[in-house]
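Read off the chains here:
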Amino acid sequence: MKVLVFSSKDFEIPYLEYANNKKHKLFFIKEALSSKTAMKAVGYDAISIFSSDEACFVTIEKLRDFGVKYITLRSVGYDNVNIKTATKLKIRVANVPGYSPNAIAEHAVGLLLALNRKLIESNLRVKHFNFNLNNLIGFDLNAKTVGIIGTGKIGAVMTKIMHGFGCCVLGYDIEQNAELVTNYKLRYTTLKELCALADVISIHVPLNTDTHQLINKELISEMKQGVILINTARGAVIKTEDVLEGLKNGKIGALGIDVYEKEKGVFFSDHSLNIPDDNLLIALNARPNVLITGHHAFLTDEALTNIAETTIYNLDCWEAGKETENELTKKESIA
Ligand code: NAI
C-alpha cells in the first residue's frame, strides 16, 4: 500500500521503517494534514496522521475525492478526526489504542513529583551552587487523596501507581472498572465530590463534547484550596483561562500539563527565536508553580515501538481485506 505519513517526526521514522520492513511504500512529510495540505495525498491509498493533524469534514471530503481509502492514526486520541464523515464517505479510520498507558501515567507522576517537590526550582538553584532550601517545601503524597478523572487504560495505571505511593484514590468515569476498586481500593465518586476531596487531580478522559472544558471555573470553585492539577489528556479538557485564574488566586496550588488548549501549530516545533503570540501560554510559562511539557508523555521507546507496530498492522489488515480491531469507523456502514 502507498502511504503518506503526515506530521512525521525525525524520532519516529526509524520505528516506522523498522516495523514496516519494506512491506508498504511509506512517504514521510513534516507538514500537518489540513484542508490545505490534503491535496498532497493525491495518489496515495492511505495516510497516517498524528494528534496535531486536522481531519475535519472538509479535509475528509477532499481525501475521498483524491482517492484515499484509509487513515491510520499514530495516536490514542481521535478528537481531531470527524469519524462520522469518514464513515459516511467510506474512509476507514483506525487508531493505536493503549500503545503504552504506562508511558503517559508515568509522565503524569513525573509532573506531579516535579511540582510538589519543586525539583525544577531546586535544580536551577543548585546549577548556580545555591543550596538554600527556602520555599522548597512540598508535601508527602502518602495518605493524600488523588482524584483520577477517567479510569480507562491510562487512568488505571495512574491509580495503581498512586495506590503504590500510599494515596487514597478516588475515580470519576462514565464506566466503572471493578478491578480498580478491588485491587487498589479506588472509590468512584461524583465529579463534585472528587473535586471537594482530592489534594491532587489527574485528568485521563478523551476530548469529546462532554469533556470539552470540563475543568472550568464552576468546577474549580469546588476544589480544595491548593490542589495540584495534572493534565496529560487533551488541552481543551480544561478551560485554561479559568485555570490561570485559579493559579493566580491560589485555589490551584500547581499545574502540570503535557497538553495545551492552543497547542496546535505551536507544539512539536522550535519557536525559541519566534515566541508564540499567545498571552495565555506566556502567562502560564512564567509561573513557578506551572510545569509544561510539549505533548511528549508518549515519548518512550516502548510506546514508539507499539505505535509503529500497530500502525503497520492496521495497514496490513486493510491490504489483506481484513478488519482491524482498532477500526473507529463502523464496518457495517462501510460494507
Ligand atoms: P481509554 O479510552 O482507555 O480511557 C478513557 C476513559 O475516559 C474511559 O474509561 C471512558 O469511559 C472515560 N470517559 C470518556 N468520556 C467520559 C466522560 N464524559 N466523563 C467521564 N469519563 C469519560 O483511553 P486512554 O488510553 O486511557 O487515554 C485517555 C486519553 O489520554 C486519550 O483519549 C488521549 O486524549 C490522551 N492521551 C495523551 C497522550 C499524550 O502523549 N499526552 C498519549 C495518549 C493518550
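The residue count restarts for each chain, going from 1 along the sequence in the order it is written. Restriction of local features to residues with pLDDT of at least 70 applies here, the model being predicted, together with a cutoff of 80 or more for giving and counting side-chain atom pairs; totals for whole chains, interfaces and linings are based on all residues. Calculation of side-chain values draws on the structure's entire complement of heavy atoms; hydrogens and water are dropped beforehand.

Heads up, the condition is: UniProt positions are given in the numbering used here, feature names are shortened, and annotations may be inferred rather than shown by experiment.
If you look the protein chain up in an unreviewed UniProt entry, it shows as 2-hydroxyacid dehydrogenase from Thalassobellus suaedae. The protein chain has a UniProt comment under Sequence similarities (unreviewed entry) that states "Belongs to the D-isomer specific 2-hydroxyacid dehydrogenase family."

## Observations concerning the sheet that holds strand β4 (residues 70-73)
The strands that make up a sheet are held in pairs by hydrogen bonds between backbone atoms, and each pair lies either parallel or antiparallel. Rule in force here: In this analysis, strands are considered paired if DSSP registers two or more bridges between them. Put simply, DSSP marks the helices as runs of H or I at least four residues long and the strands as runs of E at least two long, and each gets a number from the N terminus on. A fitted line through C-alpha atoms represents every axis, and for helices the fit uses only the stretch in contact; the resulting angles, taken between N-to-C directions, go from 0 to 180 degrees. Contact criterion: two residues are considered in contact whenever any of their non-hydrogen atoms come within 4.5 Å of each other.
Spatially, five strands are ordered β2-β1-β3-β4-β5 in an open sheet, and the strand pairing comes out parallel. Each edge of the sheet is formed by a strand with only one pairing partner; in this case those strands are β2 (25-28) and β5 (92-94). Within this sheet the neighbouring strands show an average axis-to-axis angle of 20°, counted without direction. Here three bridges tie β4 to β5, and the two strands are oriented parallel to one another. Each bridged residue has a counterpart across the sheet, and for I71 the counterpart in β5 is V93. Taken strand by strand, helix α1 (residues 13-20) contacts β1 (2-5) and β2, and its axis lies near 175° from that of β2.

## A few points about the packing of aromatic side chains
Test applied: Here is the rule: rings of Phe, Tyr and Trp (six-membered ring for Trp) pair when centre to centre is within 6.5 Å. Planes less than 30 degrees apart are stacked, more than 60 are edge-to-face, and the remainder are tilted. Relative accessibility decides the category of a residue: with a 1.4 Å probe and only protein chains considered, values under 20% of the type maximum give buried, values over 50% give exposed, and everything between is partly exposed. Ring-over charges, as used throughout, are those where CZ of Arg or NZ of Lys falls within 6 Å of the ring centre and within 35 degrees of the ring normal.
Counted according to the given criterion, the structure contains six aromatic pairs. Centre to centre, the rings of F11 and F298 are 6.3 Å apart; their planes meet at 45°, and the pair counts as tilted. With F11 in the loop between β1 and α1 and F298 in the loop between β12 (290-292) and α12 (301-319), this residue pair connects regions lying 287 residues apart in the sequence. A ring pair is formed by Y70 and W318, whose centres lie 4.9 Å apart and whose planes are at 15°; its orientation type is stacked. Of the two residues, Y70 sits in strand β4 while W318 sits in helix α12, which places them 248 residues apart along the sequence. W318 shares its class with Y70; the two are buried. Taken together, F11, F50, F268 and F298 form an aromatic cluster joined through their ring pairs. Directly above the ring of F27 sits K2, whose terminal nitrogen or CZ lies 5.8 Å from the centroid. A cation over an aromatic ring shows up here: K2 above the ring of Y44, its NZ or CZ 4.8 Å from the ring centre.

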